[in-house]
Amino acid sequence: MLLIHDLYKKYGKFHALNGLDLQVAEGEIFGLVGPNGAGKTTSMKIMAGLLKADKGEVSIDGLNVLTNYNKLKEWVGYMPDFFGVYDNLKVMEYLEFYASGYGITGKRNRDICLEMLDLVKLSGQTDNYVDQLSRGMKQKLCLARCMIHNPKLLILDEPASGLDPNSRFEFKQIIKQLKERDKTIIISSHILTELAEFCTSIGIMETGRMVLQGDMEEILASIENSNPLMIKIYKNLDTAVQVLKQELMVKTLSIQGNTIMVSFTGSREEEALLLKKLVMNDVLVTNFSKESSNLETLFLTITNNEGVNW
Amino acid sequence: MNPILKNEIKLNVRTSKLAIMITVINTILAGFGVFSLVSLVGKESVIDYTQMLKLYILLAYVEFAMMLLLIPTITAGSVAGERERQTLDILLMTKIKPWDIVIGKLFSSLSSTLLLAVSSLPILALVYVYGGLRLIDFFALILFLLISAVFIGSIGILFSVIMRKSTFAAVASYITEIGLILGSYVAVHGYYHIRWLGAVKKPIYIDPDIGNAVYFLLINPLITFFGLINNQVGNSKAILNFCSAYGNFADDYIMNHWLIISLIVQFLFSFLLLWIASHKINPLRKC
Ligand SMILES: Nc1ncnc2c1ncn2[C@@H]1O[C@H](COP(=O)(O)OP(=O)(O)OP(=O)(O)O)[C@@H](O)[C@H]1O
Ligand SMILES: [Mg+2]
């Protein structure tokens, strides 16, 4: 569906994108994550054809974005990280204006606008002025706007930022509904855990590069594997340490009180066997677990604990 | 109908700004007209046609001046304002063609000025009622105002597209406008002066003739407007007389068709400026 290869973009001397690669398959919900200034907005603007890259290729369904500008407009719905709003325009008029911008006119225009308002649950607001809406409502209106021409690819730049938990929940519901309509969606966010709930794949960006990209489940599993084993010992700590030191799959080991943290590279089965071995050596174990999968820690380690701002 | 134009008109009608502006300016104009009329008629019981024409000239220039004052600000804010409000990106994502965006912005910016001109027509008609002018003169006046408005407006639109801030765009537009009106005159006059300095040094003084250089004034909307108004009140040789200071143009084709040619020149320039603007607004243009 979307293919980005070796994308570069400079602002003056500053390299915002440094050879970005990205693939998103059809029907996927792709989460683009990265700290402030990673280049998420920049890459999304390039995907939407609003910014020209210095180097590299962007293609949607095999068509190069640069040479198929008009097709691109039909296919792509883009929601920027701000809401452009005209004063003195009512919600319905706002949508009708953009619909007419896509050549949708007459009764069809009105019908589509109403349908979109219904989808984002703003049906009650048709006659209110846009600039009087709350932040969450505006964001929902913007979402409605970028879907007005029924695009197959939605590019949403931090659509849920600044929303309260309720609105976030609503937002997720809407995204799930869109998934059922066979849209391909790219969402950017700072908040990895939030994306984890509905994304099918994610890409983690830093300083204009993709540092990790892949299927959501696989990434979760790989994080799980890289997490340390936490073993709490009730009795015979010394024996336990000796046993662990003999294990080939134990790479490092640290002891805090009666807890041993072990980085262990073996499989699940080998993990279980390790526990058995400890117990057979008369070690009394009260807790034996891998630290639960944590996207945030992954995010932090990958992005060097820098510039993460919730 | 151009969706941008439609939307902007809707917005314009909704704000009271426009209504207030029209009311204020028309009141000033009407006050002006009535006052002059009273003072004209008051002295003698017979209405003097030439006095009436003077009033017409005055009002026409006031409208022209208003246009020169208002249009740069309004047009300069159009696209740059859209950028400041962060709605330009969204607009560019739609299927509205860059040319339509530019044209829509131009005419929506001009609509308020044109409305102003049209709404003040009754005041000008005051002069018409008392004779002195033909109906066609009014249409000619409107046509001239329109073409010059489009010309000045395209300058504002281009700067609005190029520059990030509408204030900068407005400043640039005013400077360009002054350049067109004063600058073109200064350039022609200066060129004549240089030639004259050369001529006085020669043993036999021959009045210099700057020839084709005088056509530079065709882009000067004020000179053309001056020609039109003079033509309407019976002085068809006004521009010729004005230019005679710079050479002998008595049998010159362009000089004799100055008004229409200047309008065409202004129109072509507008087209060019708008064309450039529509290309610059497209983010994926080949640099
Ligand atoms: N118009 C611009 N001129 C100069 N530098 C820019 C411009 N736009 C972005 N940048 C720089 O490029 C880098 C990437 O910006 P971008 O907006 O793509 O980051 P982001 O990942 O979207 O960040 P955020 O999470 O804050 O939205 C930043 O360091 C920013 O300062
Ligand atoms: Mg951003």
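Residues numbered from 1 in each chain as written. Chains lettered and ligands numbered in written order. Predicted model: local features only at pLDDT ≥ 70, side-chain atom pairs only at ≥ 80, totals over all residues. Heavy atoms only, no water.

A. Summary view of the overall build of chain A. Of regular secondary structure, chain A possesses eleven helices and 14 strands. Against the globule reference of 19 Å for 310 residues, chain A gives a C-alpha radius of gyration of 24 Å, more extended than a compact globule. Dimensions of chain A along its principal axes, counting C-alpha atoms only, are 80 × 45 × 30 Å. When the 310 residues of chain A are sorted by exposure, 50% land in the buried category. Sequence separation of at least 24 residues holds for 67% of the intrachain contacts in chain A that already meet a minimum separation of 6. (Helix = DSSP H or I, 4+ residues; strand = E, 2+ residues; numbered from the N terminus. Rg over C-alpha atoms; globule rule 2.2 N^0.38 Å. Buried < 20%, exposed > 50% of the residue type's maximum accessible area, 1.4 Å probe, protein only. Contact = heavy atoms within 4.5 Å.)

B. Structural context of the nonpolar core. Counting residues in each nonpolar core, the largest one holds 155 residues, and the members touching the most others are A:Leu2 and B:Val214. Counting residues per element, this core draws most heavily on helix H7 (residues 135-162) of chain B, at 14 residues. When residues no more than four places from it in sequence are discounted, the contact partners of A:Leu2 are A:Leu22, A:Gln23, A:Val24, A:Met47, A:Val58, A:Ser59, A:Ile60, A:Leu153 and A:Ile186. Judged by nonpolar contacts, the second largest core, of 15 residues, contains A:Ala240, A:Ile260, A:Leu274 and A:Val283. (Core = buried A, V, L, I, M, F, W, Y, C linked by side-chain atoms within 4.5 Å.)

C. The site of ligand 1, seen in detail. Residues and elements named next belong to chain A. As a structural note, the neighbourhood of ligand 1 is formed by 13 residues, with Asn36, Lys40, Thr41, Thr42 and His190 the closest of them. Here Tyr11 contributes a side-chain N or O atom positioned 3.5 Å from a nitrogen atom of ligand 1. Residue Asn36 places a side-chain N or O atom 2.8 Å away from an oxygen atom belonging to ligand 1. Of all elements in the fold, only strand E2 (14-24) and helix H1 (40-47) reach the threshold of two or more residues within the shell around ligand 1. (Near = heavy atom within 4 Å. Polar contact = N/O pair within 3.5 Å; in protein donor to acceptor, adjacent residues only side chain to side chain.)

D. Layout of the sheet that holds strand E4 (residues 55-60) of chain A. All names here are of chain A. Pairing within the open sheet is antiparallel, and its four strands lie in the order E2-E1-E4-E5. Here the strands that pair on one side only, and so sit at the sheet edges, are E2 and strand E5 (63-64). With five bridges connecting them, strand E1 (residues 2-11) and E4 associate as antiparallel partners. Each bridged residue has a counterpart across the sheet, and for His5 the counterpart in E4 is Glu57. (Pairing = 2+ DSSP bridges.)

E. Expanded view of the pairing of E1(A). All names here are of chain A. Bridge analysis of E1 against E2 gives eight bridges, and the strand direction is antiparallel. Along E2, the bridge assignment pairs Ile4 with Leu22. Linking E1 back to E2 in an antiparallel pair, the connection comprises two residues, with Gly12 at a positive phi of about 65°.

F. Structural detail: the environment of B:Asn256. Residues and elements named next belong to chain B. Assignment of secondary structure puts Asn256 in helix H11 (residues 253-256). A sequence separation of 16 residues divides Asn256 from Leu240, and the C-alpha atoms of the two residues are 7.7 Å apart. Excluding anything up to four places from it in sequence, Asn256 contacts Ala250 and Asp251.

G. How the structure looks around the environment of A:Ala272. Here A:Ala272 shows up in helix H10 (residues 268-280). Placed 16 residues apart in sequence, A:Ala272 and A:Phe288 show a C-alpha to C-alpha distance of 9.3 Å.

H. Geometry of the interface of chain B and chain A. Taken together, the 25 residues of chain B in the interface contact 31 residues of chain A. Note on chain B versus chain A: buried area summed over both sides is about 2,700 Å², and carbon and sulfur give 62% of it. Of all residues in chain B, the largest losses of buried area upon contact with chain A belong to B:Met93, B:Lys95 and B:Leu284, amounting jointly to 28% of the total for that side. At the surface where chain B touches chain A, the tally comes to two salt bridges. One salt bridge connects B:Lys95 with A:Glu74, and the closest N-O pair in it is separated by 2.7 Å. Elements supplying a minimum of two residues to the side of chain B that touches chain A: helix H1 (3-14) and helix H4 (88-93) of chain B. Ranked by residues supplied to the side of chain B that touches chain A, first place goes to H1(B) with six residues. Its residues assigned to classes, the side of chain B that touches chain A shows eleven nonpolar, six polar and eight charged. (Buried area = accessible area lost by both parts, 1.4 Å probe. Salt bridge = Lys/Arg side-chain N within 4 Å of Asp/Glu carboxyl O. Nonpolar A, V, L, I, M, F, W, Y, C, P; charged D, E, K, R; others polar.)

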